[in-house]
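Structural overview
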Amino acid sequence: MGVELATDKSGFHEMDEVDFSDSELVYHVKNALQSVPLGHSDSYDQLIGLLHHTERRAPDEVALFVTSLKALSGAVSCIDIVHHKSLLSLIFGMSLWNYGPDVMDALLELILALAASSGNYLDCCLDMLVCNFMPPWSFIDLLKQPRGVARKDQVLSRVHSTLKDIADLVPLSPSRLVPIVIQRMPNVFTKEPLIVVYVENMLRLESGLIRELVGNMMLVALMDRLVDLDVEIAWEEILQDDFSKGIFEMELEDMEEPADDGESDVGELHRGSSSRKSLGGNLIAEKLDSLMVLTFEHLESCEAGGRLVEVFETLMLSFQTTVLNAFKSKFAQFVMYYACALDPENCGVRFARMLSDSFVCSTSPPLSRMSAVAYLASYLSRGKFLTASFVANILERLVVWCLDYCKIHDGDVNPKAHRVFYSGCQRKGKPHTEELGGLAIMYVLCFRMRSMMNVPNLRSQLLLLPLETILKHPLSPLKVCLPSIVEEFLRQAKAARLFTVSETFIFSDLLESELSRAFGGIDRLDMFFPFDPCLLKKCDRYIRPNFVYWSMVRTTYDDDEEEDSSDGEHGEDYEYGHPDDVMMARSYDSHDDVDLDEFDHSMNKMSITPKNSLYYRFGDELKMQMPSRIRPSTSPESL
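Since the model is a prediction, treat every value here as computed from it, not as a measurement.

Topic: the overall build of the protein
For the protein, the count of helices and strands is 26 helices and 4 strands. Counting all 639 residues of the protein, 56% fall into the buried class. For the protein, the accessible surface area stands at approximately 27000 Å², while carbon and sulfur atoms represent 50% of it.

The structure is reproduced here in structure tokens:
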């Protein structure tokens, strides 16, 4: 800043030859600082040269460096923001990662003194500490080694301790810290090791000594960055579209042959056809995967510390403002899912009720309501930790809303005018145009009908729901909703004798109706369910034990099929700890043997997959499975 840095070592050699006491050294440094406004900068330049020394220091030089920093701490009142810009720039640009513990302590003592001395230096001091969240580029490889991990612990423990000390001395500092942390947060293109260590520090702030002052904003900023990474992963990198296959492309969800790798106790893995691409090698996906695992582990620590409910409230607000309407989000929402899995009785219930409240709220935007019911349907269907009774109660609320809607809307079928209603019966999505959806009533029942019908009180509750009234209403949801889901639902309803399935319920044509296209849009590319199986490899290890895959579902018609087959396709049943879910164990099959190392081969599984077309063209019996994705074609396959 206009001062030429000393390049020789004479300055600190002269100081080294004199035996200064601490007070004398402080006086010497003060004199050097005070001489600058008077036009005498020789001593100041020597001080700058000593601090700017970049070569490897000998032990005596390190001692002199530490002594000089401590002397500066005692002379901060003489530091002027105008006349000593070069000194301040040098101090705030120092990286703790380059020094040993003695220098770190002396430097942070100076930073603390500067922060407490004048408000002019507070932001710079906080910024310097935040910059030390990440190591220099030269340390990236070192972080993989024990000495690199040790240096990381030395640096970060001191950084966070100093932040707490500054907060104690300057109560305003936490409010100044938050925007600095957010502004300094690495972008989505930053190298994975750097962004990971930065997020580690954010989570450390959230759980640290000043968490009450900054914790909420750390979580919100983290969720925002997860969504930023998420939307950078284009749908084209996940989907493999082949519109030549007709209106629907159905996929079979086959179970992977278990591998003898000693990891068969972590859950099941699903392999299907190549409609979903592997995300292996996608750098953005790998960063997102690592950051979400960090978040999962942080949630586990919060649960262990009794803080999960408190943290969950912040996460839910962030979800409502960011994730819910981020129509390209494919993975970030699993943070909410995992939090619910850790505490189903509190977080799990709270999340479902929030989604149902959002759906039935007439003042919310239609797309927000449709997004809410998509998440709700997918959540109720996939959450292995949810009791059948709770699912039944939420489902009843949706049915009641749909019935009330039918009572006040008695017109003809109009997919655009009644899109919220149809989303309550069945939900659609257009990832390409950022308009999402999922299934609600029928989709949930495809997963949960058997578990409810096997419990006497839930069976009675389900039989009393006015489903038939809604489905036969002039709004005709069965004509507008996706045929494949409708047919799976009707097949299970018939087997369960849920209501009388008349011929009016069964499509005489297998083609997607014009009404269904109107609801989803003539250019609908793909069906999207927010809690489809997670493609991120590391995250899957956390999600899978709490997740219901379609191949695990035992439908209401499975018993009839099993009578004709002795192949033993189903494994052991899952066990549930809730009394009203004793019979629910018979609704899911457990496939515990899994080869985790082969997970990349199953990355193309994002949803449930049907084996065949909607009907066997020349058979009387309806045979199908749920769809993974349903895509329109410009020309019907049968034509």
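Overview of the pattern of salt bridges
A full pass over the atoms with the stated rule returns 13 salt bridges. Close ionic contact of R176 with D123 constitutes a salt bridge, the shortest N to O distance being 2.6 Å. Placement of R176 in helix α9 (residues 173-184) and of D123 in helix α7 (residues 122-131) is noted, with a sequence separation of 53 residues between them. Among the residues examined, D123 registers a relative accessible area of 29% and is labelled partly exposed. In this structure, the salt-bridge partner of K164 is D168, at a minimum N-O distance of 2.8 Å. You can see K164 and its partner D168 sitting in helix α8 (residues 146-169), 4 residues apart, about one turn around the helix. Judged by relative accessible area, D168 falls into the partly exposed class, the value being 48%.

Let's talk about the nonpolar core
In this structure, L51, L114, M292, F351, Y379 and F489 are the most contacted members of the largest nonpolar core, which totals 180 residues. M292 has contacts with L226, F331, A332, F334, V335, L536 and C539, leaving out every residue within four places of it along the chain.

Looking at the packing of α7 against α8
Between α7 and α8, whose axes approach to 10 Å, the crossing angle comes to 160°. Our classification of the angle between α7 and α8 gives roughly antiparallel. Of the two elements, α7 crosses α8, and the hand of that crossing is left-handed. Contacts between α7 and α8 involve L122, L126 and L129 from the former and V159, T162, L163 and I166 from the latter. Considered class by class, the residues forming the contact of α7 with α8 number 6 nonpolar, 1 polar and no charged.

Side note on the packing of helix α3 (residues 42-52) against helix α4 (residues 59-74)
Where α3 contacts α4, the axes come no closer than 10 Å and their chain directions differ by 125°. Between α3 and α4, the crossing angle belongs to the class labelled oblique. Classified by chirality, the crossing of α4 by α3 is left-handed. On the side of α3, the interface is formed by L47, L50 and L51, while α4 contributes L64, F65, S68, L69 and L72.

As for the confidence of the model for the protein
In the predicted model, the protein carries a mean pLDDT of 75, and 66% of its residues have values of at least 70. Least confident of the elements in the protein is strand β1 (residues 254-255), whose mean pLDDT is 36; most confident is helix α14 (residues 334-342), at 98. Ignoring residues within four places in sequence, the model shows residues 506-527, a span with pLDDT below 50, making 79 contacts including any to other chains. Note on residues 566-577: pLDDT is under 50 here. Beyond four places in sequence and across chains, it has 30 contacts.

Cut-offs used in this document
- Residues numbered from 1 in each chain as written.
- Predicted model: local features only at pLDDT ≥ 70, side-chain atom pairs only at ≥ 80, totals over all residues.
- Heavy atoms only, no water.
- Helix = DSSP H or I, 4+ residues; strand = E, 2+ residues; numbered from the N terminus.
- Buried < 20%, exposed > 50% of the residue type's maximum accessible area, 1.4 Å probe, protein only.
- Areas by Shrake-Rupley, 256 points an atom, 1.4 Å probe, with all protein chains shown as cover.
- Salt bridge = Lys/Arg side-chain N within 4 Å of Asp/Glu carboxyl O.
- Core = buried A, V, L, I, M, F, W, Y, C linked by side-chain atoms within 4.5 Å.
- Contact = heavy atoms within 4.5 Å.
- Axes fitted to C-alpha atoms, helices over the stretch in contact; angles between N-to-C directions.
- Parallel < 35°, antiparallel > 145°, perpendicular 65-115°, else oblique.
- Left-handed = near helix turned anticlockwise from the far one by under 90°.
- Nonpolar A, V, L, I, M, F, W, Y, C, P; charged D, E, K, R; others polar.
- pLDDT = per-residue confidence, 0-100.

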